[in-house]
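# Fold and geometry: a report
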Amino acid sequence: MNAYYQLIDRTIGSQGEVIARYCSTVHAQGAWNPHEQHMAPASGVIAAELEQFSPRQDMRIGRISFDIFGLIELIEAEMQAQGKTCIVARAWRMCTQDSSDIAGLEDQPVHHPDTFTEWSGMKRWPGGFIQTLVTKTDDQHRAGKGMVWLNNDNEMVEGQPTTDFAHLIGMIDTANGIVPRQEGEFTWGFPNLDLQIHMHRYPKGKWLGLETVQQYGSDGIGLTSAVLHDVYGPFGRSEQILTLRKMAK
């Protein structure tokens, strides 16, 4: 049999929910433990179910996020406004140990923010948050790609000390606005629908460096990707999926 899974049955509930049961074959066997499935075919069969669920001609899948449950701890926070959920954050709390014997990075450190020039390019954006930022860049910055350092003097919560972690994470979403591919007045909106952050090191300090690339697809979906830096070097990466919208004149 040249298949990863066998479909056992699929049922549709009263609210339109779909429950599909599969049996994995030996071709789906994992590489770490023989009694586990490999994540690649597991993600493929999930993608197949997502793709065929209530398809629409004017929409397509632009982002999938898989969380793999195991020897880790999942914590969740939800932000509500006026009784409605507006943001859900899920964080994996992972076990740590000394792995310095095999540590190695491909992302390279960038120059210290003291060597960069203050930049007023973010002032094109309205809103109170942008006005709190100090931003610096270099002469390599261009539409679609660039390196920007950011900082601010605000506390996250009045009367409470702000950790470096909260201070730095609280600026990463800015990546989507520092290298817009459009010069001058925007003719297309490009808001991000998510913010994914992966960290191979816990960040420290007050300056956040965003080494960012922004890309637009041809069917209304884009992507902003950034290597994340603090003054000690790269500490992770972020991704933001974008919905591209023609702006009314």
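In what follows, the structure referred to is the one given above.
Residues numbered from 1 in each chain as written. Predicted model: local features only at pLDDT ≥ 70, side-chain atom pairs only at ≥ 80, totals over all residues. Heavy atoms only, no water.

## So, the overall build of the chain
Each helix and strand counted, the chain has four helices and 13 strands in total. Taking the principal axes of the C-alpha coordinates as reference, the chain spans close to 60 × 55 × 40 Å. Residue burial in the chain is summarised as follows: out of 249 residues, 29% are buried. In the chain, 54% of the contacts between residues at least 6 apart in sequence involve partners at least 24 apart. Approximately 17,500 Å² of the chain is accessible, and the part contributed by carbon and sulfur atoms is 53%. Charge separation in the chain, taken as the distance between the mean sites of 21 positive and 30 negative side-chain charges, equals 7 Å. (Helix = DSSP H or I, 4+ residues; strand = E, 2+ residues; numbered from the N terminus. Buried < 20%, exposed > 50% of the residue type's maximum accessible area, 1.4 Å probe, protein only. Contact = heavy atoms within 4.5 Å. Areas by Shrake-Rupley, 256 points an atom, 1.4 Å probe, with all protein chains shown as cover. Lys, Arg positive; Asp, Glu negative; His and termini not counted. Charge placed at Lys NZ, Arg CZ, Asp CG, Glu CD.)

## What to know about the packing of aromatic side chains
Under the definition given, this model contains seven aromatic pairs. Summarising the aromatic geometry, the rings of Phe-69 and Trp-92 are spaced 5.3 Å apart at their centres and angled 85° between planes, so their arrangement reads as edge-to-face. You can see Phe-69 sitting in the loop between helix 1 (39–52) and strand 3 (73–81) and its partner Trp-92 sitting in strand 4 (residues 84–93), a full 23 residues away along the chain. Classification of Phe-69 as exposed rests on a relative accessible area of 64%. Ring pairing ties together the aromatic residues Trp-125, Phe-186, Phe-190 and Tyr-216, which thus form one cluster. The ring of Tyr-232 is capped by Lys-204, whose NZ or CZ atom sits 4.5 Å from the centre of that ring. (Phe/Tyr/Trp six-rings, centres within 6.5 Å; stacked < 30°, edge-to-face > 60°. Lys NZ or Arg CZ within 6 Å of the ring centre and 35° of its normal.)

## What about the nonpolar core?
Of all hydrophobic cores here, the largest spans 16 residues; its most connected members are Leu-133, Leu-150, Met-171, Ile-178, Leu-208, Leu-210 and Leu-228. Counting residues per element, the ones that place at least two in this core are strand 7 (145–152), helix 4 (175–178), strand 10 (208–216) and strand 11 (221–230). Beyond its immediate sequence surroundings of up to four residues, Ile-178 is in contact with Trp-119, Met-122, His-141, Val-148, Leu-210 and Thr-212. (Core = buried A, V, L, I, M, F, W, Y, C linked by side-chain atoms within 4.5 Å.)

## Quick look at a nonpolar patch on the surface
Taken together, the side chains of Ile-46, Leu-50, Ile-61 and Ile-64 present a nonpolar region at the surface, about 320 Å² in accessible area. When you line up the elements, Ile-61 lands in the loop between helix 1 and strand 3. (Patch = residues over 30% accessible without salt bridge, like charges linked within 9 Å, V, L, I, M, F, W, Y side chains within 5 Å. Salt bridge = Lys/Arg side-chain N within 4 Å of Asp/Glu carboxyl O.)

## Focus: the pairing of strand 11
The two faces of a sheet get side chains in turn, since along a regular strand they alternate between them. Burial analysis of strand 11 places nine of its ten residues in the buried class, which makes it a mostly covered element. Here strand 10 runs beside strand 11; their pairing, made up of eight bridges, is antiparallel. Bridged to Val-213 within strand 11 is Ser-225. A loop of four residues connects strand 10 with strand 11, the two strands running antiparallel in sequence, and Gly-220 in this loop sits at a positive phi of about 95°. Relative to strand 12 (residues 233–243), strand 11 runs antiparallel, the two being bridged by ten bridges. Residue pairing in the sheet places Ser-225 in a bridge with Glu-239 of strand 12. Where strand 11 folds back onto strand 12 in an antiparallel hairpin, the turn is made up of two residues. (Pairing = 2+ DSSP bridges.)

## What to know about the layout of surface pockets
Each pocket or cavity is described by its volume, and for the largest pocket that value is around 2,400 Å³. Of all the elements in the fold, those that place two or more residues in the lining of the largest pocket are strand 3, strand 4, helix 3 (164–169), strand 9 (196–199) and strand 12. Ranked by residue count, the leading element in the lining of the largest pocket is strand 4, at eight residues. By residue class, the composition of the lining of the largest pocket is 28 nonpolar, twelve polar and ten charged. If you go around the second largest pocket, you meet 17 residues; those closest to its centre are Gln-37, His-38, Met-39, Ile-68 and Phe-69. (1 Å grid on protein atoms, 1.4 Å probe; cavity = no way out; pocket = protein on both sides within 12 Å on 5 of 7 lines; lining within 4 Å. Points joined across faces, edges and corners; volume = space filled by probe spheres on them. Nonpolar A, V, L, I, M, F, W, Y, C, P; charged D, E, K, R; others polar.)

## Thoughts on unusual backbone geometry
Note: most peptide bonds trans; most residues except glycine with negative phi. One non-glycine residue, Ser-54, lies in the positive phi region at around 45°. Summarising the element assignment, Ser-54 is placed in the loop between helix 1 and strand 3. Phi is positive for Gln-82, close to 55°, though the residue is something other than glycine. Residue position: Gln-82 is located in the loop between strand 3 and strand 4. In this structure Gln-82 comes out as exposed when scored by relative accessible area, which is 87%.

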